[in-house]
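# Fold and contact review
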Amino acid sequence: MKRVLILIIMATLAFSAAACKNNAKGTVFYEKNDVCRDFNELGVEWGVYEETGKLSAGAWERITAAADRLNPRLVRCMTNFDWLVYDFDDKGTADLSDDEWKYDFDNKYMVNACEILDYCEKKGISVAFGVWNVIGNPDPEKDVFKMIPNATSDIRWAKMTADLMEYLVRTKGYTCIKWFVNSNEPNYSGAVGASKNAYNTYAKWEQGVRNVRAALDAIGLNNIDIVGGDTTGFIGSADYLPKIAGNIPDKVNNYGVHMYISNYDIDNALYGQNMKKLFDGVKNIDPAVGGEKPFIIWEAGLLDGKNVITDCNAYIANYSYGLRMADYTVQSLLSGVSGVCYWDLDDAMHFMYGENGMTAKEWGMFSTLASASPLMQEYRPWFHSSVILTNLLQQGSHIYSPDSEKKDLRVLASVSKDGKNGGVVAVNRGREAVTETFRIERGIESEGKIYVYVFNERDLKLGPDGFVTPNLVVEGNLNDGLKLEIPAGSMAALSSRPL
Amino acid sequence: MKKILSLVLCIVLSLAAVTLYGCKKKPNEYTKDGRMILKIRNLYFNEWTGGDAYTSYIEDKFGVAIEPSSYSWADWDNQVYGPANSNNLSDVFHFSLDSYNFANSYEFWARGGSTKALPDDLSAWPHIADMLGKVSNLNELKINGKLYCIPLIKNIKDADDDYSPFTYVYRRDWAKELGVYQEDDVYTWNQFQNLLSAFYRAKSEGGSVAALADVEWGFPSIINFYKTAPHCFAMEGGSAVCNFVTPQFKQGLELAKNWASGGTNIYGFDQYAANDGDVAKQFYAGRVGVFYENLSLANYTTLRKKVGERKEIDTKEKLDDATAIMKVSGPDGKYALEGGENWFSATFFSADISDEKLNKILDIIDWLLGEEGTMMAAYGIKDYDYTVSNGGEVTLLEAGWERDINGKYIEKLNGAKYLRYMATLGYDMNDYDPLVDKEALSILTEWKEFINRENAQGNLRILTEDPSVKWLSTTNKSQYAGGLLENGNASVQKYVYGKITLGEYENSFTTQRWGQILGEINSAIGK
């Protein structure tokens, strides 16, 4: 009880529990406020490592230990055709259908991809596997493939995709791959000569999806779905997603976006409002969204602190990043989003390649780069806050919104599909501590214990293994209610089981 | 009509272009919720991608949706010329306008109907009007009385900046160690040469350290102490002459040759083969004693940051000593700095945009130059990022301004700051921008105050070109002046490194082209 900032007084708890049963005070999560009946869970971007030679000794063990603790149910894993394709031959004709090439599926990129997929397969993690961009060089003079002008509508894209998925799903047997990502952020075009997306349009992207769907169906991979969108930002997503819902709802199973949000919009809850507007806009066209067709944020992060040139974020070492990402998660789920995939797991995965050489994209939950300082290699605060969330908010759960809103307090509750587990996430964004009673209406068959986790710079509690551990375990049941004081600028998580 | 291949044809067609102007405009595009879409491309947007809360604030305020895109430094010109030639310009674009590309960019586009002029009456945009009133040589940019761009003024508050901070940063710690340090970093020409000799003797053995090195575009900097004009054209007796072969220039040239390849090896690196950025990296690595560089605040901040990353530079005092700015007077006892305009590059508007869209963009720029926009660009959103007391004192708020583990403020992606680059480089905000390295700023300010004092006492030579020559457009000058400068600088480097003889050097400036252009200039100025 060192630094007692959660004041859970047993006598008060018992009294409150009794008093709240039929006349609940505080925040109640009623069954009628079920905002998501088939939550897809939380996850993380775990991309193919571009330079495995730069990893520190024992990196893989550290990575998998972190993944074990994070326990993601979603993983987004991306590769590049440039890494896999060689011996390209256009036969000297303009006819793209007679082009030939070979694949190197034994190189370091594919070996690493398979290591990640092996892990996901073993752990039952659902994977969105995709390809960053079309193959080729953005500089037209150096580009031999000439795929960039037509983007993913180029017929060779679908052929390469089918070959890749056949290898992974058929040859390697990865049943964990649920979706294909039809290129990264297609709406972000970038500059001609510098970006592979420079000539992309929605129409080209849609044609690409049609081609890929047909190619996958032709080889019997009907069970591999396609992510609809993978667009970035509200403006681009509001452009693509309604068109997808209107034109090709039968070709996609999943509406996907990337959202990097300013602190201001998170702190003032504007993000949740904007996300609800986007979600509702798509749902008006395709009612299956949020249910049969999940709406997933495949890259989730905060914009402030981003260095556009290096693609690093200076905030990730601060506790505030973890707090805001928890707030981001709550606002997302309350707006109807079915799943959130955090960007990203490890600094060592991705690099920026510029005039001054390559630099690691420091936006991970830790770093396994050999060159990283000991401080950089530590699990960052937002790793621990993410561990709490990914373990609390289980796949298939119901997500409940509160019966009333309180200024600066963002809350939700979840109950597992089988009713055996449940919990509450409460994020206090105010400058004062908040004392609140939480009660979940839907029955939870718990063991009569509530595990309390608090995330802030003073109170985060780590066990001897370096991973998060509960600050407190109390007797009780979330159906009866629990009163607690949440310190200013903190996330509290209540769970019917240890996370 | 934009693929006009010759300037002559372009001029001939300009009247027709003006006549057809109304037919060329593209209809405004709007988002589903009725916002006017603005496509804005700017070099400085390479650090910003939009989509932030500050951009949203501006978009809401003005009813627009902003689509930003950027250029790369290395290929900026081509990335502008390409869309210009293919009739694919952004609504707003940004070009590295200078006197050497003036005719084949600014004039060419304006007369060819590719760019849109600013309204004659700017009274609706008082901040823009006020700023343009401070832009140096603005009248030289007007065609038939119309202005076709907004030059990016460096400092809207201190527009009298008439020299550039291209000067020497040096290892004061080495100078102290070798007993050649001069108080306050003030060096006479002899003391400067003594210091270079001392650095060379003590540090350059084996060739790994250069006593002196220049940023690639500035080599050989020591000619600045001799020459009378910055680039191609010098004035002698009221007439324009080739700067590269004046007696003063050649005196500096011989010294440069002696220092680079004449046996003294003061210039310890092969600058002839250096690529952009190479010399800076050598300085960061502790392999240069005196480094000639454009000491803009951004460059000087980077330089101090990079040098500060070295293990042995572990205190502020050591960093200051390793990155001190030198004050060197030349053989004539005067300091010499390159003059220039008080602006750098310019924002242009595609001729295809409607008057309504232009007005909307000007509304945004004007607001960004005003108090509210400037405060947003510097600090963010009031009462979230900062508060202002009744007395006008600004207090940063914790939610908006967090510090990193090193105690420095973390930069937010603030669209207001980047959109302001449509009109100014924003030096006016340096004094209070929380992200500015105040130590670097303080050193630069001290240097500037020193130079201003010396200037007031007549001890500063500012190398400038006569504006009537600099911005003059004549048939051959317009077409070939850029090439003359490039070839001239190449000849200098070849001579300095012994690739050509003095005769060959001089002959490269007596070509028919040089004769034609000097003739045109002198004819135009009545000589």
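Residues numbered from 1 in each chain as written. Chains lettered and ligands numbered in written order. Predicted model: local features only at pLDDT ≥ 70, side-chain atom pairs only at ≥ 80, totals over all residues.

Another point: the overall build of chain B. Of regular secondary structure, chain B possesses 19 helices and 19 strands. At 25 Å, chain B has a C-alpha radius of gyration in line with the 24 Å of a compact globule built from 527 residues. Referenced to the eigenvectors of the C-alpha coordinate spread, the extents of chain B come out at roughly 70 × 65 × 40 Å. Per-residue burial for chain B yields a buried fraction of 43% across its 527 residues. Within chain B, counting contacts between residues at least 6 apart in sequence, those at least 24 apart form 76% of the total. (Helix = DSSP H or I, 4+ residues; strand = E, 2+ residues; numbered from the N terminus. Rg over C-alpha atoms; globule rule 2.2 N^0.38 Å. Buried ≥ 20, exposed ≤ 12 C-beta atoms within 10 Å, placed from the backbone. Contact = placed C-beta atoms within 7 Å.)

With that settled, consider the sheet that holds strand S23 (residues 482–486) of chain A. All names here are of chain A. Here we have three strands laid out as an open sheet, ordered S1-S20-S23, and mixed in their pairing. The sheet is open, and its two borders are formed by strand S1 (27–29) and S23, each paired with just one other strand. Within the sheet, the average angular offset between the axes of one strand and its neighbour, ignoring direction, is 30°. Relative to S23, strand S20 (residues 434–440) runs antiparallel, the two sharing five bridges. Each bridged residue has a counterpart across the sheet, and for valine 434 the counterpart in S23 is isoleucine 486. (Pairing = 2+ DSSP bridges. Axes fitted to C-alpha atoms, helices over the stretch in contact; angles between N-to-C directions.)

At the interface, 25 residues of chain B touch 23 residues of chain A. Class assignment of the residues belonging to the side of chain B that touches chain A gives a composition of eleven nonpolar, seven polar and seven charged. (Nonpolar A, V, L, I, M, F, W, Y, C, P; charged D, E, K, R; others polar.)

Our focus in this paragraph is the pairing of strand S19 (residues 422–428) of chain A. Residues and elements named next belong to chain A. Of all seven residues making up S19, seven are buried, and the element is well covered by its neighbours. Side chains of S19 alternate between two faces, with Gly422, Val424, Ala426 and Asn428 and Gly423, Val425 and Val427 buried alike. Across seven bridges, strand S18 (residues 409–415) lies against S19 in antiparallel orientation. Its bridge partner being in S19, leucine 409 is matched across the sheet by asparagine 428. Between S18 and the antiparallel strand that follows it, S19, lie six residues; glycine 419 among them carries a positive phi value of about 75°. Direction of pairing for S19 relative to strand S24 (residues 490–495): antiparallel, over a ladder of six bridges. Directly across from glycine 423, in S24, lies its bridge partner serine 495.

With that out of the way, let us pick up the environment of Ala213(B). Residues and elements named next belong to chain B. Tracing the chain through its elements places alanine 213 in strand S9 (residues 210–214). Each C-alpha atom of the pair alanine 213 and aspartate 352 lies 47 Å from the other, and the pair is 139 residues apart in sequence. Apart from residues no more than four positions distant in its own chain, alanine 213 is found in contact with Tyr267, Gly268, Phe269, Val279, Gln282, Phe283, Val288 and Phe291.

As a further point, take the domain arrangement of chain A. Residues and elements named next belong to chain A. Its domain assignment divides chain A into domain 1 (10–36 + 399–495) and domain 2 (41–392). For the side of domain 1 that touches domain 2, the elements supplying multiple residues, two or more each, are strand S2 (34–36), S18, S19, strand S21 (449–455) and S24. At four residues, S18 tops the list of elements feeding residues into the side of domain 1 that touches domain 2. (Domains from an automatic or database assignment.)

Next up on the list: the domain arrangement of chain B. Looking at chain B, the domain boundaries give domain 1 (7–160 + 342–429) and domain 2 (166–219 + 267–338 + 442–465). Put simply, the middle of domain 1 of chain B and the middle of domain 2 of chain B, counted by C-alpha atoms, are 35 Å apart.

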